[in-house]
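# Descriptive structure summary
Spelled out from the first residue to the last, the chains are:
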Amino acid sequence: MNVTNHARRLIPAAYRPVLANLVFRRLILGFGVSYLGDGMSFVAVAWLAIELAPPASAGLWVGGAVAAYTLPGVAGALLFGRRLRRVPARKLLLADNVVRGVLLGVVPLAWVAGWLTPPVYVVLLAGSSLLHAWGSAGKYTLLAELLPGEQRLAANTLVSSLNFAATIAGPAIAGVLVTYVSSALVLGLDALTYVFLAVLVLRTRLPESGGVSPTDRAAARGGLALLRSHPELLGLLTLTWFFNFLYGPVEVALPLHVTVDLRAPGTLLGLYWMLFGIGAVLGGLAVGALQRLPLWPVTVAIVIGWGVLLMPFGLGVPTGVTVVCFALGGAIYGPFVALSVTLMQTKSPPEHLAAMLAARSAVLLTASPLGTALGGPLTTALGPQATLGGSGLVTVALGVIASVLLLVARRRKPAAA
């Protein structure tokens, strides 16, 4: 008993009531397993594209594969908006996991059969991501329905930190598997993690959904229109979009930097992402334990800090230095997701929450994949090192511009008052 009480005291007070919730603990178990699969896919998606593509066009196919793994979620959010806006969060999460699990599971089967070509691979990845914006909206809507407002930042931080924690073990495991077994097998394991989450959600008794009433005319407005009516959220979303867009080329350039510039095995790519995950977990949990944060200054500092730590890649510094920079970059980026999602949950009317989260996910899903698609030709033209360093430099410029706009807005506010 004394050991148990001592262990509880080691947990920051903000996390204790959240972890006392049995349903939440069951959900984060499923999220954790699914995130582990996604952590492995960080390495496997790009690596399999490199293996399948002709060497001359490897950068383009890597960019296409990474973009296909997320970008079609935007189309799903737009095409199915009217039908899915009022679907309970539990069903949204289940639908996404079933589609993701089935289509990713086809990848290793097609590889074994010998008909997995780069176009087939990209099509399967695209189909698997079609409902992912709605699945993400369903996940965070479930958390909002399950927990009171004062516990949401801690819950979101635990979930996002669990996601980053999966990038510790996931890339390390994938780095070994793609080197000694097969990158297609890794995507098959990712598919099984989605199946596990779907089964767990089916077997968990969840709270009744606070879905949108069909008679609520205001709720019929699109999520994007609702976001436009909240300037603070719209401004944060705009900065986040450009931040993620400039991150996109990293997912193309980093694996090519490892294979082309350094001529290193997949284990080094796994090491980069593993240390990024360690940093993200530590940074996210540290910030999540705090009760109040100045949102905009923290957000802008994250943008500038991440850009600064990418710039050494373009300077030709030793590999050990870039590995350390990538780990520190994870610590800076770690708190970002939880802070932005918590603000959305807090500011959104409860009956509009799923629609606004889906719209947010749809908007942000365009950012990194578009940057990734741009990263393909950029890496082909400039080389991996220059692409990584250039992404960092432009990200720093974005943060500086945001800082100037923030200072101007704060000076105008007292004058307007």
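## Side note on the overall build of the protein chain
- Helix and strand counts for the protein chain come out as 19 helices and zero strands.
- Taken over 417 residues, the protein chain has a buried fraction of 54%.
- Long-range contacts, defined here as pairs at least 24 residues apart, represent 87% of the contacts in the protein chain between residues at least 6 apart.
- Put simply, the protein chain shows about 18000 Å² of open surface, and 69% of that area lies on carbon and sulfur atoms.

## Some words on the nonpolar core
- Membership of the largest hydrophobic core comes to 62 residues, with the highest contact counts inside it found for Tyr121 and Phe326.
- Among residues more than four places away in sequence, those in contact with Tyr121 are Ala44, Val45, Leu48, Ala49, Leu52, Ala65, Val107, Leu116 and Leu187.
- Listed in part, the 26 residues of the second largest apolar core include Leu93, Leu143, Ala166 and Val201.

## Brief notes about a nonpolar patch on the surface
- Together, Val176, Tyr180, Val181 and Leu185 give the surface a local cluster of nonpolar side chains, amounting to about 410 Å² of exposed area.
- Structurally, the position occupied by Tyr180 is in helix H10 (residues 152–180).

## Some details on the environment of Leu398
- With respect to the secondary-structure elements, Leu398 resides in helix H19 (residues 384–416).
- Of the residues examined, Leu398 reaches a relative accessible area of 16% and is grouped as buried.
- When the C-alpha atoms of Leu398 and Leu246 are compared, they prove to be 9.3 Å apart, with 152 residues separating the residues in sequence.
- Non-local contacts of Leu398, meaning those with residues more than four positions away in its chain, are made with Leu239, Phe242, Phe243, Leu246 and Val303.

## A look at the packing of aromatic side chains
- Inspection of the entire model under this criterion finds 14 aromatic pairs.
- Summarising the aromatic geometry, the rings of Phe276 and Phe326 are spaced 5.4 Å apart at their centres and angled 40° between planes, so their arrangement reads as tilted. On the criterion of sequence distance, the pair formed by Phe276 in helix H14 (residues 266–288) and Phe326 in helix H16 (residues 319–333) is long-range, its members being 50 residues apart. The exposure classification of Phe276 matches that of Phe326, with both residues buried.
- On the numbers, 6.1 Å between centres and 85° between planes, the contact of Phe313 with Phe326 is edge-to-face. Taken together, the positions of Phe313 in the loop between helix H15 (295–310) and H16 and Phe326 in helix H16 put the pair 13 residues apart, joining distant regions of the chain.
- Cluster of aromatic residues (ring-pair linked, three or more members): Phe243, Tyr247, Tyr272, Trp273, Phe276, Trp306, Phe313, Phe326 and Tyr333.
- Taking the ring centre of Phe31 as reference, the NZ or CZ of Lys139 above it sits at 5.7 Å.

## Details of the environment of Gly73
- Of note, Gly73 is situated in helix H5 (residues 72–79).
- A C-alpha to C-alpha distance of 9.7 Å links Gly73 and Val363, two positions 290 residues apart in sequence.

## A look at helix H4 (residues 58–68)
- Of all 11 residues in H4, eight are buried; the element is thus mostly enclosed.
- Turning to H4, its buried residues number three or more, namely Ala58, Gly59, Val62, Gly63, Ala65, Val66, Ala67 and Ala68.

## Thoughts on the side chain of Lys139
- Topologically, Lys139 is positioned in helix H9 (residues 132–146).
- When residues no more than four places from it in sequence are discounted, the contact partners of Lys139 are Phe31, Tyr35 and Leu93.

## What about the packing of H4 against helix H8 (residues 118–128)?
- In the contact formed by H4 and H8, the axes pass within 8 Å of each other and the chain directions differ by 20°. Relative to H8, H4 is oriented roughly parallel. Across the interface between the two elements, Trp61, Gly64, Ala65 and Ala68 from H4 touch Pro118, Pro119, Tyr121, Val122, Leu125 and Ala126 from H8.

## Digging into the environment of Trp61
- Along the chain, Trp61 turns up in helix H4.
- Classification of Trp61 as partly exposed rests on a relative accessible area of 28%.
- Considered as a pair, Trp61 and Pro118 are 57 residues apart in the sequence and their alpha carbons are 7.2 Å apart.
- Beyond its immediate sequence surroundings of up to four residues, Trp61 is in contact with Ala49, Ala53, Pro54, Pro118, Pro119 and Val122.

## Observations concerning the confidence of the model for the protein chain
- For the protein chain, the mean per-residue pLDDT works out to 79, and 81% of the residues sit at or above 70.
- Note on residues 210–221: pLDDT is under 50 here. Beyond four places in sequence and across chains, it has 19 contacts.

What counts as what
- Residues numbered from 1 in each chain as written.
- Predicted model: local features only at pLDDT ≥ 70, side-chain atom pairs only at ≥ 80, totals over all residues.
- Heavy atoms only, no water.
- Helix = DSSP H or I, 4+ residues; strand = E, 2+ residues; numbered from the N terminus.
- Buried < 20%, exposed > 50% of the residue type's maximum accessible area, 1.4 Å probe, protein only.
- Contact = heavy atoms within 4.5 Å.
- Areas by Shrake-Rupley, 256 points an atom, 1.4 Å probe, with all protein chains shown as cover.
- Core = buried A, V, L, I, M, F, W, Y, C linked by side-chain atoms within 4.5 Å.
- Patch = residues over 30% accessible without salt bridge, like charges linked within 9 Å, V, L, I, M, F, W, Y side chains within 5 Å.
- Salt bridge = Lys/Arg side-chain N within 4 Å of Asp/Glu carboxyl O.
- Phe/Tyr/Trp six-rings, centres within 6.5 Å; stacked < 30°, edge-to-face > 60°.
- Lys NZ or Arg CZ within 6 Å of the ring centre and 35° of its normal.
- Axes fitted to C-alpha atoms, helices over the stretch in contact; angles between N-to-C directions.
- Parallel < 35°, antiparallel > 145°, perpendicular 65-115°, else oblique.
- pLDDT = per-residue confidence, 0-100.

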